[in-house]
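Next come the chains, spelled out residue by residue.
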Amino acid sequence: MAKNLLSLLLLGLLVNPVFAATERIVYHVHHTDDGSFRRVISNLENLQQGMSDQQLEIKLLLQGNSIQLLDPKRHASALQQRFNTLLASGIGVEVEREYLNKNPQLKNAGVQLQVLDSLFGRIIELQNQGYLYITP
């Protein structure tokens, strides 16, 4: 009986998501068009739903003019709410300093940003840390 109980406890530890390895993902957006914001949101939501049994650590890297995706004035409020929900789930947003300086209004967009000197250097750094690279 004690052997069966031990087996059940070990099985519980193995399948418990708290003990599961974190899946680390870098989601790189480098091109934008009229449907980009909706696509980025949908892709990130699908990623979270499709991997709901795993812990995810997602870094959203916005290159160049894709930083415009952070401008809430450009998007419908329903989309903005979905994006805010994603951010609240722990998705980190990283942008290039050069493009943030070109879009100073985005510094007050209500999004916590990590500002980068080199986006490509950051992608390489994250991949070396085991992050999976995804781009739309």
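Since we're looking at a predicted model, the values are computed, not measured.

The rules we used
- Residues numbered from 1 in each chain as written.
- Predicted model: local features only at pLDDT ≥ 70, side-chain atom pairs only at ≥ 80, totals over all residues.
- Heavy atoms only, no water.
- Helix = DSSP H or I, 4+ residues; strand = E, 2+ residues; numbered from the N terminus.
- Buried < 20%, exposed > 50% of the residue type's maximum accessible area, 1.4 Å probe, protein only.
- Contact = heavy atoms within 4.5 Å.
- Polar contact = N/O pair within 3.5 Å; in protein donor to acceptor, adjacent residues only side chain to side chain.
- pLDDT = per-residue confidence, 0-100.
- Pairing = 2+ DSSP bridges.
- Axes fitted to C-alpha atoms, helices over the stretch in contact; angles between N-to-C directions.

**Topic: the environment of leucine 126**
So, point 1. Within the element layout of this structure, leucine 126 appears in helix α5 (residues 119-128).
So, point 2. Given a relative accessible area of 0%, leucine 126 falls into the buried group.
So, point 3. For the pair leucine 126 and isoleucine 25, spaced 101 residues apart in sequence, the C-alpha separation works out to 8.6 Å.
So, point 4. What leucine 126 contacts, discounting residues up to four positions off in sequence, is Val26, Lys59, Leu61 and Tyr131.

**What about the side chain of serine 36?**
So, point 1. Looking at where serine 36 falls in the secondary structure, it is placed in helix α2 (residues 36-50).
So, point 2. On the accessibility criterion, serine 36 (3% relative accessible area) is buried.
So, point 3. A polar side-chain atom of serine 36 sits 2.6 Å from the main-chain amide nitrogen of aspartate 33.

**Digging into the confidence of the model for the protein chain**
So, point 1. Of all residues in the protein chain, 85% attain a pLDDT of 70 or more, and the chain-wide mean is 85.
So, point 2. Note on residues 1-17: pLDDT is under 50 here. Beyond four places in sequence and across chains, it has three contacts.

**Some words on the sheet that holds strand β1 (residues 22-29)**
So, point 1. With parallel pairing, five strands are arranged side by side in an open sheet as β4-β3-β2-β1-β5. Edge positions in the sheet fall to β4 (113-116) and β5 (132-134), since each of these pairs with one other strand and no more. On average, each strand axis in the sheet is inclined to that of its neighbour by 25°, with strand direction left out of account.
So, point 2. Bridging between strand β3 (residues 92-96) and β4 involves four bridges; their strand directions are parallel. By the bridge assignment for β4, glutamate 96 is matched with leucine 116.

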